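# Architecture at a glance
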Amino acid sequence: MSDRNTMKKWIKRTCLLVVLTLACASSYGADKRVVKQLNVLGTAIIHEKNLADGRQNAVNDALVAAVGQVVLEMLTGETVVRRFQQINNSILAQRDNYIQNYRVLTESVSGNTVRTLVQVDVAVDRVSRDLSRLGLALAGAVYPRILFMVAERNVADADFTYWWGDRRLRSRTISEGALAATLQATGFEIIDPPDLSSPLSLPVNAPEADMVALAGRLGADVLVTGYGTAAAAPNTMGGAVNAYEAVLEARAFDVQTGQPIGRTRQKSVVSGQDEVAGGREALSGAGALAGDDLARQVMAVWQQAQDRSAVIEVVVEGTGGHIANFVRLRTAIASLSGVNDLKMKEMSADRADMAVNYQGSPRSLADALLLKTFSGFGIDIFEVTPEVIRIRLVNQ
């Protein structure tokens, strides 16, 4: 009997331990979820004196408005305007994916209009995740630097034109220019073709690995390479008006890893009298379409990489006799958005090594640090690799 009582007590204690463990796990998961509480007004028209339906429509209006307000806080105004259709279809129309909870605080009926004040809990972590998956950069995100190597052949051209070949070009090709303009308008930083003292004399179809390596030497994070061609198209309109068709095929590569992160093939058809002008217009149209397509793909991959936390080694040289300046620099790094932790690894007479846990790439960390200003000294970031940032203190 005593053994049986002992067994019952053991089972009770075990069950209690399991319950407590599950409760702690549930609490931990809840702590990780990021929820924002908003008080939002919703408005609806009461049709055929059906107050119940009108009230529900007003609540639905408030729920969409709450999710929309979170989106507006996360994205830049320009991004919202340019990508509104995509935001509407993928986020606002799926509002239930982001509503954690809601409660109607009060309502008012005036004539055939009902307004409700609703307290809404929005899961902002889910909104942020899905915006990133759509390739929509969050406000404050560091955009990658992009180098373009896009060869082009217009209707009357015998061969491709490209800046890395046997002759120097003073400007971009038409399709490359349209690509660059579209991505720049989205927020990407564009690297101009280098001002070469002598041509690089690389073939138009240089190996992708060589192109990626060149992009890295020019400070790019992403390389976009491809071909744009224009030709006469079948005339479907009749008369003297001719048609011209341009096709642009392009691929994007992560310069750090060499891996492809985007691909597009776009076609544009225009009409006109002059073949050169018509070809240029078609190439420009194909470039703009390709830019929109690649912007979404590249930003989706880049944003996901930014969200991943990694430990980056930061080496600071020139600390000897200037420890106070180093301490101010270390404090500035620790205060940067995305820095989760900073630890000293080693300190010598004229050098300090730190391990920085950062959500993003070494390049984005270096870019964020360059925006900082310091009183009495400056910094020279003279090397950025996938693992290390090397900084030299410049004492003034």
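Definitions and cut-offs
Residues numbered from 1 in each chain as written. Predicted model: local features only at pLDDT ≥ 70, side-chain atom pairs only at ≥ 80, totals over all residues. Heavy atoms only, no water. Helix = DSSP H or I, 4+ residues; strand = E, 2+ residues; numbered from the N terminus. Buried < 20%, exposed > 50% of the residue type's maximum accessible area, 1.4 Å probe, protein only. Contact = heavy atoms within 4.5 Å. Pairing = 2+ DSSP bridges. Axes fitted to C-alpha atoms, helices over the stretch in contact; angles between N-to-C directions. Salt bridge = Lys/Arg side-chain N within 4 Å of Asp/Glu carboxyl O. Expected span 1.5 Å × (residues − 1). Patch = residues over 30% accessible without salt bridge, like charges linked within 9 Å, V, L, I, M, F, W, Y side chains within 5 Å. Areas by Shrake-Rupley, 256 points an atom, 1.4 Å probe, with all protein chains shown as cover. Phe/Tyr/Trp six-rings, centres within 6.5 Å; stacked < 30°, edge-to-face > 60°. Lys NZ or Arg CZ within 6 Å of the ring centre and 35° of its normal.

In terms of regular secondary structure, the chain is built from 10 helices and 13 strands. Here the chain holds 396 residues, and 42% of them are scored as buried. Within the chain, counting contacts between residues at least 6 apart in sequence, those at least 24 apart form 68% of the total.

In this section: helix 5 (residues 124-133). Those residues of helix 5 not exposed but buried are Val124, Val127, Ser128, Asp130, Leu131 and Ser132. Note on helix 5: the residue one or two positions beyond its end, Gly135, has a positive phi of about 80°.

Here we come to the pairing of strand 12 (residues 377-384). Pairing of strand 12 with strand 13 (residues 388-395) involves seven bridges; the strand directions are antiparallel. Along strand 13, the bridge assignment pairs Asp380 with Arg392. What sits between strand 12 and strand 13 in their antiparallel hairpin is a turn of three residues.

Here we take up the sheet that holds strand 1 (residues 35-45). One open sheet holds the three strands; their spatial order is 1-3-2, and the pairing between them is antiparallel. The two strands at the open ends of the sheet, each matched to only one other strand, are strand 1 and strand 2 (99-110). Taken over all neighbouring pairs, the strand axes of this sheet differ in orientation by 20° on average, direction set aside. Bridge count between strand 1 and strand 3 (residues 113-123): 11 bridges; the pairing is antiparallel. By the bridge assignment, Leu38 is partnered in strand 3 with Val120.

This next bit is on the pattern of salt bridges. Between side chains of opposite charge, a pair can form when the charged atoms approach closely. By the definition in use, this model includes 17 salt bridges. When the shortest N-O distance is used, the salt bridge between Arg95 and Asp96 registers 2.9 Å. A salt bridge links Glu176 to Arg172; the shortest N-O distance between them is 3.1 Å. For Glu176, a relative accessible area of 1% corresponds to the buried category. A cluster of three or more residues bridged by salt bridges with shared partners is formed by Arg145, Glu189 and Asp367.

A few words on the sheet that holds strand 6 (residues 222-233). In space, the five strands of this open sheet follow the order 5-4-6-7-8, with mixed pairing throughout. The open sheet terminates on both sides in strands that have one partner only, identified here as strand 5 (189-191) and strand 8 (260-272). Taking each pair of neighbouring strands and ignoring which way they run, the sheet shows an average axis angle of 25°. As judged from the 12 bridges shared by strand 6 and strand 7 (residues 242-254), these two strands associate in the antiparallel manner. Note that in strand 7 the partner of Gly226 across the bridge is Ala250. Here helix 6 (residues 174-186) sits on the sheet and contacts strand 4 (145-153), strand 5, strand 6 and strand 7; the angle it forms with strand 4, its principal contact strand, is near 155°.

Residues lying three or four places apart along an α-helix face the same way, a consequence of the helix completing one turn every 3.6 residues. Over its 13 residues, helix 6 runs 19 Å from end to end, which matches the ideal 18 Å to within 8%, given 1.5 Å per residue. Looking one or two residues past helix 6, Gly187 carries a phi angle of roughly 130°, positive in sign.

A few words now on a nonpolar patch on the surface. Nonpolar side chains collect at one region of the surface, where Ile323, Val327, Met344 and Met347 lie side by side and expose about 310 Å² of accessible area between them. Among the elements of the structure, helix 9 (323-335) and strand 10 (339-347) are those that each provide at least two residues to the nonpolar patch. Along the chain, Met347 falls in strand 10. The exposure class assigned to Met347 is partly exposed, which follows from its relative accessible area of 42%.

Within the element layout of this structure, Asp121 appears in strand 3. Given a relative accessible area of 15%, Asp121 falls into the buried group. Taking C-alpha positions, Asp121 is 5.1 Å from Asn101, a pair spaced 20 residues apart along the chain. Filtering out sequence-adjacent residues up to four positions away, Asp121 remains in contact with Val35, Lys36, Gln37, Tyr98, Ile99, Gln100 and Asn101.

Below, the discussion takes up the packing of aromatic side chains. The geometry of an aromatic ring pair comes down to the distance between the two centres and the angle between the two planes. Applying the stated rule across the entire model yields four aromatic pairs. An aromatic cluster of three or more residues is present, and its members are Tyr162, Trp163 and Trp164. Geometry around Phe160 places Arg153 over its ring, the cationic atom sitting 4.6 Å from the centre. We note Arg392 situated over the ring of Phe382; from NZ or CZ to the ring centre the distance is 4.2 Å.

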